[in-house]
Amino acid sequence: MKKKTILALGALLATFVSASVSAQGFQEAIRRQLNNDCAVLGTDPDFYAPDLWAICSSQFGSPRGTSESGNGGGSSQTAAVSVESRRKSQLEESTIDLTSRWGVFLNAGSEALNREQTDFGAALESTVTTLTAGLDFRVNKAFIVGIAGVGRKTSGDFNRGGDFETDSIGATLYASITPADAMFIDLSVSSSKKDHEVNRRAQFTEIDNGGSFNNFDGILNSETDGSELGAQLQFGYDFNVGRFTVGPRVGATWTHTEVDGYSESGGLPGTVAVNFVRGARGLALVFEDQEADSLQGAAGMQASFAPGMSFGALLVQGNLDYIHEFDNDQRSVNIRFVQDIRPVPRTFQYQTEEPDRDFVRLGLSFVAVLRNGVQPFLSLQSMLSNSQFDENYGATLGVRFEL
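Summary of the structure given here. (Residues numbered from 1 in each chain as written. Predicted model: local features only at pLDDT ≥ 70, side-chain atom pairs only at ≥ 80, totals over all residues. Heavy atoms only, no water.)

Concerning empty space enclosed by the protein
For clarity, the threshold we go by: The distinction between a cavity and a pocket rests on a 1 Å grid over the protein atoms alone: a 1.4 Å probe fits inside a cavity but cannot get out, while a pocket stays open yet meets protein on both sides within 12 Å along at least five of seven lines, and a residue with an atom within 4 Å of a point counts as lining. Grid points are joined across faces, edges and corners, and a volume is the space filled by probe spheres set on the points. Basically, the charged four are Asp, Glu, Lys and Arg, the nonpolar ten are Ala, Val, Leu, Ile, Met, Phe, Trp, Tyr, Cys and Pro, and anything else, Gly included, counts as polar.
Overall, the coordinates contain two cavities of 30 Å³ or more when judged by the stated rule. Its boundaries defined by the atoms lining it, the second largest cavity holds a volume of some 30 Å³. Taken together, the residues that form the lining of the second largest cavity break down as no nonpolar, three polar and three charged.

Now the structure itself:
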């Protein structure tokens, strides 16, 4: 969920020295930049285009209010970034003799990701919908290889106004190795292309020297592209006790995400007030390229029960996994005002939300293995104890066919 650019310390000090004093979120970064720059440059229209100059000009006094800008322009491009879950339905052998070497599957899933406002992250409510289709081949009893295509849409709303959407399409190559009857190793590599769209509400309130308020408010729009590379490895061992199976699971997931730089546009002019509110065009920002790596380790247990059924077999499976994030740290993102028209525009920074290092995932799935080889399945998932997301739950419904 959350990928930002990391720049050298020398570049940081050269572009915005005051930002190095303390970590600051998106809202605080904009407020400080306006306060600092407007106090020095606000009387000269040659430095800023009209809408930004209207915020800084002496006609309105020096801004001393607080910014209400939502940080959707940065966080939603990624995370929202930043929190994309990997779903995998694992079909175990049953009493049905599945002799086909080819198999195809299709599944659709939906997941809710909601979080509260923090100093470094915007409050939002989002939904992730996924469609996956795949084909695999059983090389021999111990080795299966396959390929899957994945389409995903993440859409949601910021609680303070505005919305976002990320569409991605990609492919996954995977393999399953069974070196012993009770042991397996699953591995996969994936790549996807992403299209991001954000409509961010930007709001700034200033108080002039006479105590009058001036409000700048509106929706700013942006679009950009991105990409993601991933790799996953999981090892498991099962102990069978009659119709019950239980065993440990350990694994690791690596993800590298990039987001191209982009500029915001839209918003009404800030030079004319309508019902005492001026447009937010002067608050439009330029975001530089962003990238980050995530490395998550997982350790847990999985238990299953396979009762005999008249129609074939039913597998009920539950899993509990502890997840630890090793790599994805809080990062700095470089931004500047679109209407800063100086020969060398001033770049400043904000910090992203620091990811929760430890959380838990729960899962419950049902797989029916019919006598004709058709395998419908339902999987339910939830993430617990993650401070970034106060609500997370999802479901996946699909079917597999042996050819």
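That was the structure; now back to the text.
What about the packing of aromatic side chains?
Convention followed: Centres within 6.5 Å are what make two rings of Phe, Tyr or Trp a pair, Trp counting through its six-membered ring; a difference in plane orientation under 30 degrees is then read as stacked, over 60 as edge-to-face, and the rest as tilted. What counts as a helix is a DSSP run of H or I of at least four residues, what counts as a strand is a run of E of at least two, and both are numbered from the N terminus.
In total, this model carries nine aromatic pairs according to the counting rule given. Ring centres 6.2 Å apart and planes at 10° place the aromatic pair Phe 26 and Phe 287 in the stacked group. Taken as a pair, Phe 26 in helix H2 (residues 26-41) and Phe 287 in strand S13 (residues 285-287) lie far apart in primary sequence, 261 residues in all. Measuring from centroid to centroid gives 5.0 Å for Phe 158 and Phe 164, while their planes differ by 45°, and the two rings are tilted.

A closer look at the nonpolar core
Rules: The term nonpolar core refers to a set of buried residues drawn from Ala, Val, Leu, Ile, Met, Phe, Trp, Tyr and Cys, joined through side-chain atoms within 4.5 Å. The rule is simple: take the accessible area with a 1.4 Å probe, protein chains only, and divide by the maximum for that residue type; under 20% is buried, over 50% is exposed, in between is partly exposed.
The biggest cluster of nonpolar side chains holds 23 residues, and the ones touching the most others in it are Leu 34, Leu 283, Leu 285, Phe 287, Ile 335 and Phe 337. Mapped onto this core, the elements with two or more residues apiece are H2, helix H3 (50-56), strand S6 (183-207), strand S7 (213-237), S13, strand S17 (332-337) and strand S18 (348-351). It is H2 that contributes the most residues to this core, four residues altogether. Ile 323, Phe 359, Met 383 and Phe 389 belong to the second-largest nonpolar core, a separate cluster that totals six residues.

Quick word on a nonpolar patch on the surface
The criterion, for reference: Here, patches come from residues exposed beyond 30% relative accessible area and free of salt bridges, joined within 9 Å for like charges and within 5 Å for nonpolar side chains (Val, Leu, Ile, Met, Phe, Trp, Tyr). Note that accessible areas follow from Shrake-Rupley with a 1.4 Å probe, and for residues the cover is restricted to the protein chains shown. Salt bridge, as applied in this entry: a Lys or Arg side-chain nitrogen positioned within 4 Å of an Asp or Glu carboxyl oxygen.
Side chains of Trp 102, Leu 135, Ile 147, Leu 173, Val 189, Phe 401 and Leu 403 sit close together on the surface and give an oily, nonpolar patch of about 650 Å² of accessible area. One can find Leu 173 in strand S5 (residues 162-180). Overall, Leu 173 belongs to the partly exposed group, its relative accessible area being 48%.

Regarding the environment of Tyr 174
Applied cut-off: Pairs of residues are marked as contacts when any of their non-hydrogen atoms sit within 4.5 Å. Under this definition, polar contacts are N or O atom pairs within 3.5 Å; protein pairs additionally need one hydrogen-donor-capable and one acceptor-capable atom, and for neighbouring residues in sequence, both atoms have to be side-chain atoms.
Take Tyr 174: it is sitting in strand S5. Sequence separation between Tyr 174 and Asp 186 is twelve residues; the distance between their C-alpha atoms is 7.5 Å. Apart from residues lying up to four places away in sequence, Tyr 174 is in contact with Phe 105, Leu 135, Asp 136, Ile 144, Val 145, Gly 146, Ile 147, Ala 148, Leu 187 and Ser 188. Side chain to side chain, Tyr 174 and Asp 136 meet in a polar contact 3.2 Å long.

Observations regarding the sheet that holds S18
For clarity, the cut-off: For two strands to pair, DSSP has to find at least two bridges joining them.
Taken together, four strands build an open sheet; the order of strands is S10-S13-S17-S18 and the sheet is antiparallel. Edge strands, defined here as strands with exactly one partner in the open sheet, are strand S10 (262-263) and S18. When S13 meets S17, the two strands line up antiparallel, connected through three bridges. Pairing of Phe 287 across the sheet is with Ile 335, part of S17.

Structural notes on the pairing of S17
As judged from the four bridges shared by S17 and S18, these two strands associate in the antiparallel manner. If you follow Ser 332 over to S18, its bridge partner there is Gln 351.

Quick notes on the pattern of salt bridges
If you walk through the whole model with that rule in mind, you get eleven salt bridges. Glu 28 serves as the salt-bridge partner of Arg 32, at 2.8 Å between the closest nitrogen and oxygen. You can see Arg 32 and its partner Glu 28 sitting in helix H2, four residues apart, about one turn around the helix. One network of salt bridges, in which partners are shared, links Asp 136, Arg 400 and Glu 402.

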